[in-house]
Amino acid sequence: MALQCGIVGLPNVGKSTLFNCLSNAKAQAANFPFCTIEPNVGVITVPDERLNKLAELIHPQKIVPTTVEIVDIAGLVKGASKGEGLGNKFLANIRETDAILHVLRCFDDENVTHVDGVVDPVRDKEIIDAELQLKDLETIEARIAKVEKQAKTGGDKEARLAFEVYARIREALLRGESARTVEFETKDEKKTAQGLFLLTAKPVMYVCNVDETSAVDGNAYVEAVREAIKNENAQILIVAAKIESEIAEFDTYEERQMFLQEIGLEESGVNRLIKSAYRLLNLQTFLTAGVQEVRAWTFEKGWKAPQCAGVIHTDFEKGFIRAEVIKYADYIAYGSENAVKEAGKMSVEGKEYVVQDGDIMHFRFNV
């Protein structure tokens, strides 16, 4: 599953610094690679300690983690919705992503110029929000123009449903609120809204870029952002990009961990960001474990066993018979697949089984 998160933000907020840290994310593990597709796109592995724990027991030939693509999108300026600066390219790049990582400057530094002269992360957030909302409003107005007559004069139920959904989103946008704040109850309403592919409907995580002294607990800027997004259905993460760039320079895992402990962090901000981005996309991981490889596979939360089987190969889903499932904790506790089976801890599941994060799966199929 090639899922993509776009890093956005105003110029000089630390966006590219953060992307560069991600591209040098040695802190994950030696087995977890990073590769560049284009100068501004990176495939980054999702840190998962479970893979290493299983590998210690199984001694596989290789470890294969799951990945997320991170895109460093060009800085935005006011007027982007009207094509100012790199506006059209910026908006097109966001549209192609599955989620947004919105970097906000939450630090003071007289050596780093702010485009508006004064540090104010809430204002910066509102600038980008406004540009995305204006672009979405254009989309909504065009869609409403197509269905309004049918919805009001004809007996077209689909047109009426679409008009009602569009109207609710338009009202939110006119209030200066993003489309993600509008909640729909029925499947048809949700499907209609999703079909718009609106920029402000995408899941978003606000990444507060702070100085070293604020890396653990944040600061007043972070609290202001937290208050501003409390009704927005969005996530927030504190990262000190400058520190992360220093961490990336260390050669060994032990050195990086020692540095983190000295500043009071258990895990690097880069690792936390990658994991949070994965959750932001509503993704989870199931595992396969054998002597050839220990591997993580990405699936959407709520998927059933046949759908997850299809992630490995379409034939697995077409000819699905059953899934043999071992819970990760049981595998670690008993030390091997055979020991788990002997303890009666392996379950056999059918087509309705909802796969859980960390399940170790073996699929039986016949095509």
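Below: a short report on this structure. (Residues numbered from 1 in each chain as written. Predicted model: local features only at pLDDT ≥ 70, side-chain atom pairs only at ≥ 80, totals over all residues. Heavy atoms only, no water.)

1. Digging into the packing of aromatic side chains
So, point 1. Tallied over the full model, the rule gives 5 aromatic pairs.
So, point 2. Between Phe286 and Phe363 the ring centres are 5.9 Å apart and the planes differ by 90°, which places this aromatic pair in the edge-to-face class. On the criterion of sequence distance, the pair formed by Phe286 in strand E9 (residues 283–289) and Phe363 in strand E13 (residues 360–365) is long-range, its members being 77 residues apart.
So, point 3. The class for Phe286 is buried, based on a relative accessible area of 0%.
So, point 4. You can call Phe363 buried: its relative accessible area is 6%.
So, point 5. Each member of the aromatic cluster is reached from another via a ring pair, and the members are Phe286, Trp297, Phe299, Phe320 and Phe363.
So, point 6. Sitting over the ring of Phe107, Arg105 keeps its end group 4.5 Å from the ring centre.
So, point 7. A cation over a ring is seen here: Arg295 above Trp297, with NZ or CZ 4.2 Å from the ring centre. (Phe/Tyr/Trp six-rings, centres within 6.5 Å; stacked < 30°, edge-to-face > 60°. Helix = DSSP H or I, 4+ residues; strand = E, 2+ residues; numbered from the N terminus. Buried < 20%, exposed > 50% of the residue type's maximum accessible area, 1.4 Å probe, protein only. Lys NZ or Arg CZ within 6 Å of the ring centre and 35° of its normal.)

2. Comments concerning the environment of Gly14
So, point 1. Summarising the element assignment, Gly14 is placed in the loop between strand E1 (4–8) and helix H1 (15–23).
So, point 2. Taking the C-alpha atoms as reference points, Gly14 and Ala241, separated by 227 residues in sequence, lie 6.7 Å from one another.
So, point 3. Aside from chain neighbours lying at most four places away, what touches Gly14 is Val103, Asn209 and Ala241. (Contact = heavy atoms within 4.5 Å.)

3. A closer look at the side chain of Glu324
So, point 1. Mapped onto the elements of the fold, Glu324 is located in strand E11 (residues 320–326).
So, point 2. Here Glu324 falls in the buried class, since its relative accessible area comes to 8%.
So, point 3. Polar contacts involving the side chain of Glu324 include one to the side chain of Arg364, which spans 3.1 Å.
So, point 4. In this structure, Glu324 is in contact with Met346, Ser347, Ile360, Met361, His362 and Arg364, ignoring residues within four places of it in sequence. (Polar contact = N/O pair within 3.5 Å; in protein donor to acceptor, adjacent residues only side chain to side chain.)

4. Observations concerning the pattern of salt bridges
So, point 1. Under the counting rule described, the total for this entry stands at 20 salt bridges.
So, point 2. The shortest N-O distance in the salt bridge between Glu141 and Arg170 comes to 3.2 Å. One end of the pair, Glu141, is in helix H4 (residues 121–153); the other, Arg170, is in helix H5 (residues 157–174), with 29 residues separating them in the sequence.
So, point 3. Judged by relative accessible area, Glu141 falls into the partly exposed class, the value being 34%.
So, point 4. One connected set of salt bridges, linked through shared partners, spans Lys125, Asp129, Arg180 and Glu232. (Salt bridge = Lys/Arg side-chain N within 4 Å of Asp/Glu carboxyl O.)

5. Comments concerning the environment of Arg279
So, point 1. Among the structural elements, Arg279 can be located in helix H10 (residues 269–280).
So, point 2. The class of Arg279 is exposed, set by a relative accessible area of 51%.
So, point 3. For the pair Arg279 and Glu300, spaced 21 residues apart in sequence, the C-alpha separation works out to 9.7 Å.

6. What about the nonpolar core?
So, point 1. Counting 58 residues, the largest nonpolar core has Cys5, Leu22, Ile70, Leu101, Val225 and Leu273 as the members making the most contacts within it.
So, point 2. If you tally residues by element for this core, the top one is H10, at 6 residues.
So, point 3. Other than its neighbours up to four places away in sequence, Ile70 contacts Cys5, Ile7, Phe19, Leu22, Asn40, Val41, Gly42, Ile44 and Leu101. (Core = buried A, V, L, I, M, F, W, Y, C linked by side-chain atoms within 4.5 Å.)

7. Quick word on the packing of H5 against helix H6 (residues 187–194)
So, point 1. One can describe the packing of H5 onto H6 by two numbers: an axis separation of 10 Å at closest approach and a directional angle of 65°. Judged by the inter-axis angle, H5 sits roughly perpendicular to H6. As for the relative orientation of H5 and H6, their crossing is right-handed in sense. Facing Leu161, Ala162, Val165, Tyr166 and Ile169 of H5, the residues of H6 in contact are Asp188, Glu189, Thr192 and Ala193.
So, point 2. Of the residues assigned to the contact of H5 with H6, the class counts are 6 nonpolar, 1 polar and 2 charged. (Axes fitted to C-alpha atoms, helices over the stretch in contact; angles between N-to-C directions. Parallel < 35°, antiparallel > 145°, perpendicular 65-115°, else oblique. Left-handed = near helix turned anticlockwise from the far one by under 90°. Nonpolar A, V, L, I, M, F, W, Y, C, P; charged D, E, K, R; others polar.)

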